[in-house]
Amino acid sequence: MTPADIHTIFDQQRQASREQVDVPLLVRRERLLRIRKMLDEHGPVLAAAVQADFGMRSPRLTEVADFFVLRTLLSHTLKHLSRWMKPQKVRTPLYLLPSSARILRQPLGVVGVISPWNYPVQLALAPAITALAAGNRVMLKPSELTPHTSAQLAALVAQFFAPDEFCVVQGDANLSALFASLPFDHLVFTGSTAVGRKVAQAAAQHLTPTTLELGGKSPCIIDGSCDMQDAALKIAHGKLLNGGQTCIAPDYVLLPRGREGEFAQAFRAAVQRLFPTIEGNPDYAAIITPRHHARLRTMLQQAQTQGADVQVIEPAAEGSKPTVGTLGDGASRQMPPALVFGATSQMQLMQEEIFGPILPVVSYERLDDAIAHINAGPRPLALYWFGANEAVQSDVLRRTVSGGVTVNDTLMHIAHDNLPFGGVGDSGWGAYHGEQGFLRFCHQKSVLVQSRWAMGSLFYPPYGARFDQVMGLLRRWL
């Protein structure tokens, strides 16, 4: 698309949103049902496009990580949308009686969505679904790193929606910059913190409110009371899902000193259980591009050069590989998992979000040391704690701040539709999912209806003895 095309579509959506401010429930539901129909009828085509973009990613992985999440979101939203849309009555304070008050939940107008490449269907359509439920028009800019998926989304959305309802804009990073500078009524961005800053700066030119779902170094704390085998399996699953390319993946582990060998053995067993093979295994996603793969390899090499103990996990069953003809072109980018012991703050892998199957392990003597380590850095998008001691669990939750938390598992808080999902500080701002997401894309308009019996004139000038009596009574009541 050319810049002129994008401006034309934006103008069409803006005009449509102003002409139909009050979007009925039936219209909103019908739009959501169209997305459900699109997924039901064309899910295999979208999954094949994701596989083509990654070079190696199972359609079953896309089913659980993209489609299942979207289907639960659609079901939850359709079930509760009528209630979410209703005006909210609020109590009126004594000094304003007998007036009444309510809050109207109105569409913002046109919502822009800039989505990432790692879950290219879920993270494109989830904010769009919620914005449409709130009565908005939506323009979506998917990642240029997943061109097959982006093209399929553009074609399918054009098939199911008019351009002034919902459309997909394709292009490179320069087009993304133009997109972010449009005067949206709200802009959603999912991606890195560095790019998120640029998006926020572009949006600020028009005072466009933003929701930024960024990343960060999400810690995983292992308490001495935990079941190490269970913890290692759940950490391995959370870390290695999608080849580690998940914004809320455990970025590093904080482990009681002296249990390093036990954790390494348990993690290795967990990897071999989940992924008996790596190369050619479609359940183990490839790193998205050679550039991203090279960055991860450089991280490992630097850590090893600086004295870290790097333990690459090569599953024992690598002899049973698929034939070459069945492999995608991403097989060479299927990076084996690696544990890194002795990582220091000077290493790149402890300074940047890893976004790959590398797991640093940092040993701690006391819980206070682990908490201090977390609090010394930017606030993470997620935090994980494993253990059986509820007092320690409570202490960790009280003394740390993160976007979200899962206790005795990883990732699962994102799947709970009644929990808002979002970051804090460098990991983002604003939250969506469920009713919180609906409200994020609404304007909550305050309405006060004055009564004919109102006594507001008691507060009018000229002030005198009667005013002093009224204020004296109010001071005693308040």
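This structure is a prediction, so every number in the text was calculated from the model and none was measured.

**Some words on the packing of helix 8 (residues 228-240) against helix 9 (residues 260-274)**
Item 1. Helix 9 packs onto helix 8 with a crossing angle of 55° between their chain directions and a minimal axis gap of 8 Å. Regarding the angle of helix 8 to helix 9, the classification is oblique. Where helix 8 crosses over helix 9, the two elements pack in a sense that is right-handed. Between helix 8 and helix 9, the residues in contact are M228, Q229, A232, L233, I235, A236, H237 and L240 and E262, F263, A266, F267, A270, V271, R273 and L274, respectively.

**Thoughts on helix 4 (residues 122-133)**
Item 1. In this model, helix 4 (twelve residues) spans 16 Å end to end at C-alpha, consistent with the 16 Å of a helix rising 1.5 Å per residue.
Item 2. The buried fraction of helix 4 is high, at twelve of twelve residues.
Item 3. Among the residues making up helix 4, those that are buried are Q122, L123, A124, L125, A126, P127, A128, I129, T130, A131, L132 and A133.
Item 4. G135 sits one or two residues past helix 4 and shows a positive phi near 95°.

**Digging into the pattern of salt bridges**
Item 1. According to the stated counting rule, one finds 23 salt bridges in the structure shown.
Item 2. Between R399 and D368 there is a salt bridge, with its nearest N and O atoms 3.0 Å apart. With R399 in helix 12 (residues 390-399) and D368 in helix 11 (residues 367-375), this residue pair connects regions lying 31 residues apart in the sequence.
Item 3. On the accessibility criterion, R399 (33% relative accessible area) is partly exposed.
Item 4. Classification of D368 as partly exposed rests on a relative accessible area of 33%.
Item 5. One salt bridge connects R399 with D395, and the closest N-O pair in it is separated by 3.1 Å. Here the residue R399 and the residue D395 both occupy positions in helix 12, the gap between them amounting to four residues, near one helical turn.
Item 6. Put simply, R366, D368, D369, D395, R398 and R399 are held in one network by salt bridges that share partners.

**Considerations on the sheet that holds strand 8 (residues 219-222)**
Item 1. One open sheet accounts for seven strands, arranged 10-11-12-9-8-13-14; its pairing is mixed. A single partner strand is all that each edge strand has here, and the edge strands are strand 10 (309-312) and strand 14 (404-407). Here the strands of the sheet are splayed against their neighbours by 20° on average, with no regard to which way each runs.
Item 2. Sheet analysis places strand 11 (residues 338-341) next to strand 12 (residues 358-364), joined by four bridges and oriented parallel. Looking across to strand 12, one finds that A338 is bridged to I358.
Item 3. The sheet strands contacting helix 9 are strand 8, strand 9 (252-256), strand 10, strand 11 and strand 12, and the helix crosses strand 11 at an angle near 170°.
Item 4. Along the sheet face, helix 10 (residues 290-305) touches strand 10, strand 11 and strand 12 and points at about 35° away from the line of strand 11.

**Quick notes on the packing of aromatic side chains**
Item 1. Counted by the stated rule, this structure contains nine aromatic pairs.
Item 2. Pairing F10 with F184 gives two aromatic rings, centres 5.5 Å apart and planes at 85°, and the pair type is edge-to-face. With F10 in helix 1 (residues 3-19) and F184 in the loop between helix 6 (173-180) and strand 6 (186-190), this pair connects stretches of sequence that are 174 residues apart. F184 matches F10 in its accessibility class, with the two residues each being buried.
Item 3. Between F54 and W117, the aromatic rings sit 6.3 Å apart at their centres with planes inclined by 55°, giving tilted as the arrangement. With F54 in helix 2 (residues 25-54) and W117 in the loop between strand 3 (110-114) and helix 4, this residue pair connects regions lying 63 residues apart in the sequence.

**Side note on unusual backbone geometry**
Item 1. Of note, the amide linkage connecting L97 to P98 takes the cis form, showing an omega dihedral of 10°.
Item 2. Within the secondary structure, P98 sits in the loop between strand 1 (88-90) and strand 2 (100-107).
Item 3. In this chain, P461 is followed by P462 through a cis amide linkage whose omega measures 5°.
Item 4. Inspection of the secondary structure assignment puts P462 in the loop between strand 18 (442-449) and helix 14 (465-477).
Item 5. Phi is positive for N242, which is not a glycine, with a value near 60°.

**Remarks on a nonpolar patch on the surface**
Item 1. Together, Y95, L96, L448, F459, Y460 and L478 make up a nonpolar patch on the protein surface, roughly 640 Å² of accessible area in all.
Item 2. Considering the arrangement of structural elements, one finds L96 in the loop between strand 1 and strand 2.
Item 3. The class for L96 is partly exposed, based on a relative accessible area of 33%.

**Re the pairing of strand 12**
Item 1. Of all seven residues in strand 12, six are buried; the element is thus mostly enclosed.
Item 2. Here four bridges tie strand 9 to strand 12, and the two strands are oriented parallel to one another. The residue bridging L255 from the neighbouring strand is S363, located in strand 12.

**Let's talk about the side chain of T211**
Item 1. Residue placement: T211 occurs in strand 7 (residues 210-213).
Item 2. Of the residues examined, T211 reaches a relative accessible area of 1% and is grouped as buried.
Item 3. At 2.7 Å, the side chain of T211 forms a polar contact with the side chain of R440.
Item 4. In this structure, T211 is in contact with H186, L187, V188, F189, W429, G430, A431, Y432 and R440, ignoring residues within four places of it in sequence.

Criteria and thresholds
- Residues numbered from 1 in each chain as written.
- Predicted model: local features only at pLDDT ≥ 70, side-chain atom pairs only at ≥ 80, totals over all residues.
- Heavy atoms only, no water.
- Axes fitted to C-alpha atoms, helices over the stretch in contact; angles between N-to-C directions.
- Helix = DSSP H or I, 4+ residues; strand = E, 2+ residues; numbered from the N terminus.
- Parallel < 35°, antiparallel > 145°, perpendicular 65-115°, else oblique.
- Left-handed = near helix turned anticlockwise from the far one by under 90°.
- Contact = heavy atoms within 4.5 Å.
- Expected span 1.5 Å × (residues − 1).
- Buried < 20%, exposed > 50% of the residue type's maximum accessible area, 1.4 Å probe, protein only.
- Salt bridge = Lys/Arg side-chain N within 4 Å of Asp/Glu carboxyl O.
- Pairing = 2+ DSSP bridges.
- Phe/Tyr/Trp six-rings, centres within 6.5 Å; stacked < 30°, edge-to-face > 60°.
- Patch = residues over 30% accessible without salt bridge, like charges linked within 9 Å, V, L, I, M, F, W, Y side chains within 5 Å.
- Areas by Shrake-Rupley, 256 points an atom, 1.4 Å probe, with all protein chains shown as cover.
- Polar contact = N/O pair within 3.5 Å; in protein donor to acceptor, adjacent residues only side chain to side chain.

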